[in-house]
Amino acid sequence: MPGETHIRQVVVAFGASQVPREMLEAAADLAAALHAEVRALMVEESWLEQVAEHPVTAELYLGSRTIQPWDRDRLRLELRARAEQTRRMVQSLAQSRGVRISFEVAQGEVPAVLEQARGAGILSTVVASGRPALPSTARARLAQFEALRTSRGFTLIHREGRIDRLPLVLYYDASPSAVRALEIVGVLHRGRRDEVCVLLPPSPDETASGLVGEIETWRRENGVRVLVHQLASIDESRLAHALGPFQRALLVLPADAPWLRPGAAAASVLDAVSAVLVVRA
């Protein structure tokens, strides 16, 4: 795999109020497949400080039906305890998965911390299910989509399923980022026996034959079973429909894929598949 394509680190950020095991397991699965390390960032979000400073803030315990005051000192103690609990979880996961995982505590907001951590050779991960880093709201979905469209390097939105077991679907148009994405798929597929589905853009026969030839060369080099499907159209009304057969899949897109254009079909890609990985050249 060429050096410029190598992913050396999988970054995952989560709020201090979350239970990040699912998120960390997904990141560890990716790191194991890519021979990378995980950088786990627990974000102490600023809104927690604001809530704790409010004079009437209290904490309700449903089990005992008691209410206790909740202030900044109590918040700091709870954040310290959560950080230690997460640190132990990270150590246990690293040992069980055989992956190097570092753990840090950061201040700010999850999207901003994740953006700062992005860069060459880094895969940024957002989990959009369970107790997500970004709440499941229209505004959060827009933020997730913008992250896919504009972030540097590699960005993954993960909704459900074991990353290492999701079927792989790739959109390939021979662009530099598509070539890079093809190499990443080859790495992710190592040791697996299932097919990789490759979606091609609508194009003249001669162009389509060239794309198929490139895929065939890649298939032979990687020992992969491939199913090639040429899209009939990349009109917005057809794009969401084209992903219908791949609802439980990891969709790998080059940065200029038609699903990443602004519009209704673009937003629907987040609901159409289990995970989306965008690769930039």
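A quick note: this is a predicted structure, and the numbers were derived from the prediction, not measured.

1. Observations regarding the overall build of the protein
Along the backbone of the protein there are nine helices and twelve strands. Sorting the 281 residues of the protein into buried and exposed places 47% on the buried side. Surface exposure of the protein reaches about 13800 Å², of which carbon and sulfur atoms provide 51%.

2. Brief notes about unusual backbone geometry
Even without being glycine, H35 reaches a positive phi, approximately 55°. By relative accessible area, H35 is classed as exposed at 61%. The phi angle at A174 is positive, at roughly 70°, despite the residue not being glycine. With respect to the helices and strands, the residue A174 is situated in the loop between β8 (168-171) and α6 (176-188).

3. What about the packing of α6 against helix α7 (residues 205-222)?
With their axes 11 Å apart at the nearest point, α6 and α7 run at an angle of 30° to one another. With respect to α7, the element α6 is oriented roughly parallel. The interaxial crossing formed by α6 with α7 has right-handed handedness. Only I215, W218 and N222 of α7 make contact with α6, whose side of the interface consists of L182, V185 and G186. In terms of residue class, the contact of α6 with α7 is built from four nonpolar, two polar and no charged.

4. Quick look at the side chain of D29
Turning to its location among the elements, D29 is positioned in helix α1 (residues 21-34). The class for D29 is buried, based on a relative accessible area of 7%. Among the polar contacts listed, one links the side chain of D29 to the side chain of R162, at a separation of 2.9 Å.

5. Quick look at the pattern of salt bridges
Taken as a whole and judged by the stated rule, the model has 13 salt bridges. We note a salt bridge from R162 to D164, for which the minimum N-O separation is 2.9 Å. For R162, a relative accessible area of 32% corresponds to the partly exposed category. Among the charged side chains, a network of salt bridges with common partners joins D29, R97, R162 and D164.

6. Quick look at α6
Working note: α-helix, 3.6 residues per turn, so residues spaced by three or four point in the same direction. Compared with the 18 Å implied by 1.5 Å per residue over 13 residues, the 19 Å span of α6 between its first and last C-alpha is a close match. Of all the 13 residues making up α6, ten are buried; the element is thus mostly covered by neighbouring parts of the structure.

7. Structural notes on the environment of V113
Looking at the secondary structure, you find V113 in helix α4 (residues 110-117). When sequence neighbours within four positions are dropped, the list of residues in contact with V113 reads L41, V43, A106 and Q107.

8. Looking at the side chain of Q9
Mapped onto the elements, Q9 comes out in strand β1 (residues 9-15). Polar contacts involving the side chain of Q9 include one to the side chain of E37, which spans 3.2 Å. Residues in contact with Q9, not counting those within four places in the same chain, are A36, E37, R39, G121, I122 and L123.

Thresholds applied
- Residues numbered from 1 in each chain as written.
- Predicted model: local features only at pLDDT ≥ 70, side-chain atom pairs only at ≥ 80, totals over all residues.
- Heavy atoms only, no water.
- Helix = DSSP H or I, 4+ residues; strand = E, 2+ residues; numbered from the N terminus.
- Buried < 20%, exposed > 50% of the residue type's maximum accessible area, 1.4 Å probe, protein only.
- Areas by Shrake-Rupley, 256 points an atom, 1.4 Å probe, with all protein chains shown as cover.
- Axes fitted to C-alpha atoms, helices over the stretch in contact; angles between N-to-C directions.
- Parallel < 35°, antiparallel > 145°, perpendicular 65-115°, else oblique.
- Left-handed = near helix turned anticlockwise from the far one by under 90°.
- Contact = heavy atoms within 4.5 Å.
- Nonpolar A, V, L, I, M, F, W, Y, C, P; charged D, E, K, R; others polar.
- Polar contact = N/O pair within 3.5 Å; in protein donor to acceptor, adjacent residues only side chain to side chain.
- Salt bridge = Lys/Arg side-chain N within 4 Å of Asp/Glu carboxyl O.
- Expected span 1.5 Å × (residues − 1).

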